[in-house]
Every structure is written in structure tokens, then in C-alpha cells.
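# A closer look at the structure
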Amino acid sequence: MSIDRGACLLKRAGLLVALLLATSGGASAQTESRRSAAELMDAVMWNREPIGGAFALTDQAGQPRTDRDFRGKYLLVYFGFTFCPDVCPTDLQAIGLAMDQLGARAHAVQPLFVTLDPARDTVEQLAQYVPLFHPKLVGLTGSEAAIATTAEAYRVYFKRVPFKKNPADYTVDHSAFVYLVDPDGKYLGFFPPGTPAERMVEMIKPHLR
Ligand code: NI
């Protein structure tokens with residue numbers, strides 16, 4: 001490698017670091033919640049803090065989507081990641097089944113899956129994944145900053161955890177509530193992880209006239 005080329009690479013690396021710092025507000029890329037799991041769970045379980053709010057993400061078709069696009073529908077909002085081995089698929093399956101069981105009334109409900117692993121859950125990855133659960137399920141991804149902001153708004157805990165045997169690979173620890181939001185974007189409540197479809201339907205139905 002010539003000295004010139006080495007210097008150029010160094011400059012480029014410097015520029016990249018500067019860019020990363022600029023986009024993440026000086027900290028390293030945010031791949032975990034700033035608050036502890038207990039603190040966030042406490043906020044949700046005892047309704048201590050407002051839940052939900054504005055977001056600007058990208059769906060599985062590559063289209064930009066914001067919370068405003070979904071006004072007029074009840075939202076079932078779930079955060080997870082596509083490589084999740086069991087919890088996410090179980091809850092997403094319940095959401096899909098609930099949509100089926102709502103029958104004609106399902107037109108008033110929009111399920112959303114927001115990834116907590118945007119590095120791996122690209123638009124293409126979401127396009128493969130979300131149709132497995134329901135044709136109406138919208139998958140949302142975005143920059144690490146946009147995802148962290150959305151997770152924060154919903155008081156979602158998440159943390160990247162490298163595997164012991166292969167630290168280059170990781171899983172994502174996360175809270176797994178299913179949030180119910182009304183057609184005006186107002187948070188109504190949550191279903192705990194593992195809530196069966198039948199129970200969700202029973203509890204959603206009274207809201208739908
Ligand atoms: Ni999961």
C-alpha cells in the first residue's frame with residue numbers, strides 16, 4: 001500500500017467516524033434502551049407514563065410511513081426482531097389469528113411490527129417475514145436512531161446481546177407487549193406477551209362499533 005493510499009484510507013475512516021458521531025448525537029449507535037428493563041416495564045404496567053407517539057419509519061415495501069398514515073384504525077403495535085426464535089413468532093401468530101377471528105371487523109384494525117434489530121431487519125428481510133403472519137401486517141424498520149426513538153416512545157426495552165459461543169452474532173432481549181392504540185393515535189392499553197388470539201379478540205371487540 002502506498003503512503004498516499006494509506007493516508008486516504010485513514011481520512012475516509014475519519015470521515016466515517018465523524019458521520020457516525022454526527023448521526024448518533026455523539027454517542028455510539030444506539031442498539032439498546034437507555035433505561036433499564038424494570039424501569040420501562042414499571043412505566044407500562046402501572047401506566048405511569050404516556051405511551052406511544054409520533055414515528056417516521058419505512059415499511060416492508062420500502063415506503064416511508066408515519067403514525068399519521070394509520071389514523072382512523074385501531075393499531076396493534078408489536079416490537080421485536082425477525083431472528084427471534086420463539087416469543088416474537090408466537091405473539092405475531094396470535095396477532096394474525098386475532099385478525100382472522102375478527103372477520104369483517106378486522107378492517108378497522110391495523111397490526112404493526114416494529115423491528116428492534118434494524119441492522120439485520122432490512123426492508124427485504126421484513127418483506128419475507130411479515131406475510132408469514134398476516135397479509136395485513138405492516139413491518140417497519142428505519143435507522144437505529146429512528147427505531148430507538150420509536151421504542152422509547154412506547155417504553156420498550158431492548159438490548160443487543162452477543163452469543164457467548166459466537167460473539168459476532170447476537171440476539172436481542174426485548175419487552176414484548178402488544179399495544180392497542182385507538183383511531184386518533186391515543187394509547188388504550190397493552191396485552192402481555194403470550195396473550196392468546198381469542199382473548200385479544202374478546203377485548204378488542206367492545207371498542208369496535
Ligand atoms: Ni422476540
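In this report, the structure presented in the accompanying data block is examined. All values reported here derive from a predicted model rather than from experimental measurement.

## Quick notes on unusual backbone geometry
- Positive phi is not limited to glycine here, since Asn47 has a value of about 55°.
- By the secondary structure assignment, Asn47 is in the loop between helix H2 (37-45) and strand S1 (56-59).
- By relative accessible area, Asn47 is classed as exposed at 52%.
- Of note in this structure, Arg155 is not a glycine but carries a positive phi near 55°.
- The topology assignment puts Arg155 in the loop between helix H5 (144-153) and strand S6 (158-162).
- On the basis of relative accessible area, Arg155 is assigned to the buried category, the value being 15%.

## Regarding helix H3 (residues 87-102)
- Helix length check: H3, at 16 residues, gives a terminal C-alpha distance of 23 Å against a target of 22 Å (1.5 Å per residue), a fit within 8%.
- Along H3, the residues classified as buried are Cys88, Asp91, Leu92, Ala94, Ile95, Gly96, Ala98, Met99 and Leu102.
- Contacts from the buried residues of H3 go to strand S3 (74-80), strand S4 (109-115), helix H4 (123-129), strand S7 (170-174), strand S8 (178-181) and helix H6 (197-204).
- Backbone geometry just downstream of H3 places Gly103 in the positive-phi region, at approximately 55°.

About the thresholds
- Residues numbered from 1 in each chain as written.
- Predicted model: local features only at pLDDT ≥ 70, side-chain atom pairs only at ≥ 80, totals over all residues.
- Heavy atoms only, no water.
- Helix = DSSP H or I, 4+ residues; strand = E, 2+ residues; numbered from the N terminus.
- Buried < 20%, exposed > 50% of the residue type's maximum accessible area, 1.4 Å probe, protein only.
- Expected span 1.5 Å × (residues − 1).
- Contact = heavy atoms within 4.5 Å.

Function cannot be read off these values alone, since they describe shape.
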